[in-house]
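# Descriptive structure summary
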Amino acid sequence: MNIKNYINGEFINPINGEFIDNYNPAIGEVCGQIPNSTKEDVELAFQSAAKVFPSWSNTTLDERHKILSKIADLITKNLDKLAAAESKDNGKPLSLAKAIDIPRASSNFQFFANAITQFSSEAHESVGLNAVNFTLRQPIGVVGCISPWNLPLYLFTWKIAPAIASGNCVIAKPSEVTPMTAYLLGEICTEAGLPKGVLNIVHGLGTSTGQAIVEHKKIKAISFTGGTTTGAHIARVAAPMFKKLSLELGGKNPNIIFADCDYEKMLETTVRSSFANQGQICLCGSRIFVEEKIYEQFKKDFVQKVSQLKVGNPSEESTNIGALVSKQHLEKVKSYIDIAENEGGKILFGGKKVEVENCENGYYLQPTIVEVESNTCRLNQEEIFGPVVTLMSFKTDGGALQLANDVKYGLSATLWTNNLNRTMQFSKQLHCGIVWVNTWLMRDLRTPFGGQKESGVGREGGFEALRFFTEPKNICIKY
Ligand SMILES: NC(=O)C1=CN([C@@H]2O[C@H](COP(=O)(O)OP(=O)(O)OC[C@H]3O[C@@H](n4cnc5c(N)ncnc54)[C@H](O)[C@@H]3O)[C@@H](O)[C@H]2O)C=CC1
Ligand SMILES: O=C(O)/C=C/C=C(\O)C(=O)O
């Protein structure tokens, strides 16, 4: 697929005429090209967004609701095409793209189509002073949305939908590694009647195109999901310009398993929370801590279940684990297996590249389980973002809590127990933004989503996202 920028409702080539190769990770071959956009393309996108902002920000909520709902419907109508593109671009199983990624992209639009009609601001009566205050929530203007490659359309739309629902115009950049579904979204937006320039999609590298969005003086807010190092860099550039920032960054999430849990449900979910999407979800539970009295049993059962997962061609229905997103990423993840061995970790399962029939040059890795002795090892402290989990046992609640919190990240945690008191103690004391108890990645789009510590700042989801994409302005009327 040869991709173009979507600016002012038109598909156009980058001004410099330069393109970069896009790879299909399942076969390790070039499958198309994407624009290598520069700051001139970002400026063009900005001009088109700024031009339409006065009218878009005045569009009635009913009209916005209708357009966003239409986009949601068209995503659903194009499920097969979008899922095929997502799987080809990312390497994820086609079945996963069909069941999760694309339906969620549609839900993102439908959710914010509805949410904007329910969003309200506050009023404060200054009793005894004959004054009343009310707060306007006004769209910011032109905003930037920068998304990663792991859940391409899912996360791209998670940012764009609230931004445009609340009356902003957007310059969005998908990851250069997975541009296809963002490109297809442009066609859908046009068909849905989204006015020209409300959404502009500029493709290219993070260090040039992404950087130009962050550096642009008149783009007043940036919503970013990606690696912590990139997030820190963006914050350094944007903070002196006083931009609003929402940063959803990496994770090294604990999965804490107590002997009193529902064992079968825990086991099945732990396989998913470890290896779904090849372990490339910031919420995956990559550090598994198991209460000592069930540790050996868990180890045996977990290894047995994981050994049944099929690593294979993403387009085959029977595939559980597809290809990693890129050759560089495969090498990065694989390097942690060497680190594990050097650190004295014991590989209980996996650790090797997989050669898949008819996909010999694809980027496949076995799901890998490493038993570690200390939470201070690099495997337990650094985000790997691939199909690699570690196992460790613990003896006491206090010990488990300390292991869970002793890490620089603070995105999510999963807790398996049927003890209510323990559930509440852990929920209050875990240093993270999201806690799942006896479940994983159960999403309600109204809830605040985001992390603490080096997992980011700000919250997405529900009214939090609409608050991020609006400026409150208080009006005080004396009578
Ligand atoms: N959601 C998450 O938590 C994610 C975490 N990661 C982590 O980050 C590591 C690196 O992966 P990358 O693909 O390099 O992620 P990244 O953080 O560099 O990329 C995410 C997005 O940011 C853009 N970007 C990169 N540099 C930028 C800059 N200077 N200014 C503006 N935008 C910029 C990229 O083009 C992409 O659209 C992964 O190995 C993984 O550990 C990666 C993707 C998602
Ligand atoms: O909103 C969700 O359901 C999931 C979000 C996942 C990420 O932000 C990620 O993996 O980067």
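Everything that follows concerns the structure shown earlier in this document.
Right, let's walk through the structure included here. (Residues numbered from 1 in each chain as written. Chains lettered and ligands numbered in written order. Predicted model: local features only at pLDDT ≥ 70, side-chain atom pairs only at ≥ 80, totals over all residues. Heavy atoms only, no water.)

So, on to the pairing of strand 11 (residues 244-248). As paired strands, strand 10 (residues 221-225) and strand 11 are joined by five bridges and run parallel to one another. Across the sheet, the residue bridging to Phe 224 is Leu 247, located in strand 11. At this point the chain moves from strand 10, through helix 8 (residues 228-238), to the parallel strand 11, and the crossover so formed is right-handed. Pairing analysis gives two bridges linking strand 11 to strand 21 (residues 456-457), with the strands arranged antiparallel. Note that in strand 21 the partner of Glu 248 across the bridge is Gly 456. (Pairing = 2+ DSSP bridges. Helix = DSSP H or I, 4+ residues; strand = E, 2+ residues; numbered from the N terminus. Right-handed = clockwise from strand over helix to strand, strands pointing away.)

Attention shifts here to the site of ligand 1. Surrounding ligand 1, one finds 27 residues, the nearest of these being Trp 149, Lys 173, Glu 176, Gly 227 and Lys 332. Measuring from an oxygen atom of ligand 1, one finds a side-chain N or O atom of Lys 173 at 2.8 Å. Within the side chain of Gln 211, an N or O atom sits 3.1 Å from a nitrogen atom of ligand 1. Protein chains shield 86% of the accessible area of ligand 1, which is 800 Å² for the free molecule. At the level of secondary structure, the elements contributing two or more residues to the shell around ligand 1 comprise helix 7 (206-215), strand 10, helix 8 and helix 11 (327-342). It is helix 7 that contributes the most residues to the shell around ligand 1, four residues altogether. Split by residue class, the shell around ligand 1 holds ten nonpolar, 13 polar and four charged. (Near = heavy atom within 4 Å. Polar contact = N/O pair within 3.5 Å; in protein donor to acceptor, adjacent residues only side chain to side chain. Areas by Shrake-Rupley, 256 points an atom, 1.4 Å probe, with all protein chains shown as cover. Nonpolar A, V, L, I, M, F, W, Y, C, P; charged D, E, K, R; others polar.)

This next bit is on the packing of aromatic side chains. The relation between two aromatic rings is expressed through the spacing of the ring centres and the mutual angle of the planes. In total, this model carries eleven aromatic pairs according to the counting rule given. Here Phe 298 and Phe 302 contribute two aromatic rings whose centre-to-centre distance is 5.0 Å and whose plane-to-plane angle is 15°, an arrangement assigned as stacked. You can see Phe 298 and its partner Phe 302 sitting in helix 10 (residues 292-307), four residues apart, about one turn around the helix. Phe 302 matches Phe 298 in its accessibility class, with the two residues each being buried. Taken together, a centroid distance of 4.9 Å and an interplanar angle of 80° make the contact between Phe 468 and Phe 469 edge-to-face. (Phe/Tyr/Trp six-rings, centres within 6.5 Å; stacked < 30°, edge-to-face > 60°. Buried < 20%, exposed > 50% of the residue type's maximum accessible area, 1.4 Å probe, protein only.)

A few words on the environment of Ile 281. Along the polypeptide, Ile 281 turns up in the loop between helix 9 (263-275) and strand 13 (287-291). Judged by its relative accessible area of 10%, Ile 281 is buried. Sequence-wise, Ile 281 and Phe 426 are 145 residues apart; in three dimensions their C-alpha atoms are separated by 23 Å. If we ignore the near neighbours within four places in the chain, the residues touching Ile 281 are Asn 150, Leu 151, Ala 276, Phe 385, Trp 440 and Leu 441. (Contact = heavy atoms within 4.5 Å.)

So, on to the site of ligand 2. In the vicinity of ligand 2, the residues found are Arg 104, Asn 150, Leu 151, Tyr 154, Leu 155, Trp 158, Thr 225, Ile 281, Cys 282, Leu 283, Arg 443 and Phe 449. Contact distances for ligand 2 include 2.8 Å between an oxygen atom and a side-chain N or O atom of Asn 150. A distance of 2.8 Å separates an oxygen atom of ligand 2 from a polar backbone atom of Cys 282. Relative to its free-state accessible area of 320 Å², ligand 2 is covered by the protein chains to the extent of 98%. Element by element, the count of residues in the shell around ligand 2 is highest for helix 5 (residues 152-165), at three residues. Its residues placed into classes, the shell around ligand 2 shows eight nonpolar, two polar and two charged.

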